[in-house]
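Structural overview for review
Residues per chain, in single letters:
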Amino acid sequence: CTVIWTWDPPEGASPNCTLRYFSHFDNKQDKKIAPETHRSKEVPLNERICLQVGSQCSTNESDNPSILVEKCTPPPEGDPESAVTELQCVWHNLSYMKCTWLPGRNTSPDTNYTLYYWHSSLGKILQCEDIYREGQHIGCSFALTNLKDSSFEQHSVQIVVKDNAGKIRPSFNIVPLTSHVKPDPPHIKRLFFQNGNLYVQWKNPQNFYSRCLSYQVEVNNSQTETNDIFYVEEAKCQNSEFEGNLEGTICFMVPGVLPDTLNTVRIRVRTNKLCYEDDKLWSNWSQAMSIGENTDPTFYITMLLATPVIVAGAIIVLLLYLKRLKIIIFPPIPDPGKIFKEMFGDQNDDTLHWRKYDIYEKQTKEETDSVVLIENLKKASQ
């Protein structure tokens, strides 16, 4: 994907003219004035690339150069609808690169894809052997460690994806090594409380300097059931507990954490713009580590199960004694009419029995009194 343009000096140039060449690409991008008769550019060859060149006798861009001459690269052969789409590559932990893509619209489902890659440290173009499928996406991974011959900021990896039969249009991509970098998750080493604060200590992923990473700490409290997320740009702890710890460990203090509850901590990292151009790819979350005591759920489970039983029993007892409870709460009001009717109205058998008994007693007493009176009269006449 490196295109080199060369040209010859103009004929009949004045000996007093110090030739300079003014050049730019399409839409007047990347303007340059230089004495060299060549220019190169690393570009993806998915479209036609054109360079325009003109000569002039000074380095001043305002001077009118000669008539510009244009030379273009031909576009890749094949149907544009057959080229793969969404070709993306990510450099994982500065150790391997993973590229994924989707098949083109006008391609056969059984197309066999091949990925080739190259960078300046390689003597030749290499083929990626580890082709795999993830759902609709197709991918390939290849080893790529930090380049040693010069600063990696100046490097990029050139990618091309095509098929073995040559039926689809090749697709190119250029991946700068200062972007699309995804670190591995960090490893939490220790958690402890001190003075009402939670201290978190972890180890960064390999191949990265601490100054080149930003952090995100998540604390999940079992009592409040909330996830508090803290963004950390510079992780430092002034604490004697960390003296003598292993080199490469990072510390962060989380304020206001309840020590008598269960707290679960996770961490993830990403590259920052101090060392990289891209700061959008977070690592996966680290393995969670917990500290504190979790409330025993046995009591709550027992109460949860027993409460419906108790309520059901209370409802049954209430239904059985509802009538009695109704009488106690709402006693009946006496009916005066009924009371008077019982006293002076139709008597029942018991009332008649007692009235007959009273009449009999009265008659017996009158007869007894009459007999006594007659006997007394007889005694008086004698």
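Going by what an unreviewed UniProt entry lists, the chain is known as Interleukin-13 receptor subunit alpha-1 and is assigned to Canis lupus dingo. Per UniProt, the chain has the following entry under Sequence similarities (unreviewed entry): "Belongs to the type I cytokine receptor family. Type 5 subfamily." What UniProt states about the chain under its Subunit (unreviewed entry) heading is, verbatim, "Interleukin-13 receptor is a complex of IL4R, IL13RA1, and possibly other components. Interacts with TRAF3IP1. Interacts with IL4."

Topic: the state of the cysteines
Throughout the structure, instances matching the rule amount to five disulfides. For Cys89, the disulfide goes to Cys99, at an S-S distance of 2.1 Å. Its torsion about the S-S bond being 110 degrees, the disulfide of Cys89 and Cys99 is classed as right-handed. Of this pair, Cys89 sits in strand β7 (residues 85-92) while Cys99 sits in strand β8 (residues 96-102), and the two are ten residues apart along the sequence. The burial state of Cys89 is the same as that of Cys99; both residues are buried. Residue Cys128 pairs covalently with Cys140 via a disulfide, S to S 1.7 Å. Between Cys128 and Cys140 the disulfide shows an S-S torsion of about -100 degrees. By sign, it is left-handed. Of this pair, Cys128 sits in strand β10 (residues 126-128) while Cys140 sits in strand β12 (residues 137-143); the two residues are twelve residues apart in sequence, bridging distant segments of the chain. Comparing Cys128 with Cys140 shows no difference in burial state: the two are buried.

So, the packing of aromatic side chains
Scanning the entire structure with this criterion turns up eight aromatic pairs. Both rings, one in Phe230 and one in Phe252, keep their centres 6.2 Å apart while their planes meet at 55 degrees; by these two values the pair is tilted. One end of the pair, Phe230, is in strand β19 (residues 226-232); the other, Phe252, is in strand β20 (residues 249-254), with 22 residues separating them in the sequence. By relative accessible area, Phe230 is classed as partly exposed at 22%. What makes Phe252 buried here is its relative accessible area of 15%. For Lys41, the ring lying beneath its charged end belongs to Phe25, and the centroid distance is 5.2 Å. The ring of Tyr209 has Arg211 sitting right over it, with the charged end atom 5.3 Å from the ring centre.

Conventions used here
- All residue numbers here refer to positions counted from 1 along the written sequence of the relevant chain.
- With the structure being a predicted model, the display of local features is reserved for residues of pLDDT at least 70 and the display and counting of side-chain atom pairs for 80 or more, all residues being used for whole-chain, interface and lining totals.
- For side-chain calculations, the full set of non-hydrogen atoms in the structure is used, while hydrogens and water are omitted.
- UniProt positions are given in the numbering used here, feature names are shortened, and annotations may be inferred rather than shown by experiment.
- Note on terminology: disulfide denotes any pair of cysteine sulfur atoms within 2.5 Å.
- Working definition: helices are DSSP H or I runs of at least four residues, strands are E runs of at least two. Numbering for both runs from the N terminus.
- Exposed residues in this analysis have more than 50% of their type's maximum accessible area, buried residues have under 20%, and partly exposed residues fall in between, with area computed by a 1.4 Å probe over protein chains only.
- Put simply, two rings from Phe, Tyr or Trp (the six-membered ring, in Trp's case) pair if the centres are within 6.5 Å, and we call them stacked under 30 degrees between planes, edge-to-face over 60, tilted for the rest.
- Comment: the charge-over-ring label is applied if NZ (Lys) or CZ (Arg) is within 6 Å of the ring centre and within 35 degrees of the ring normal.

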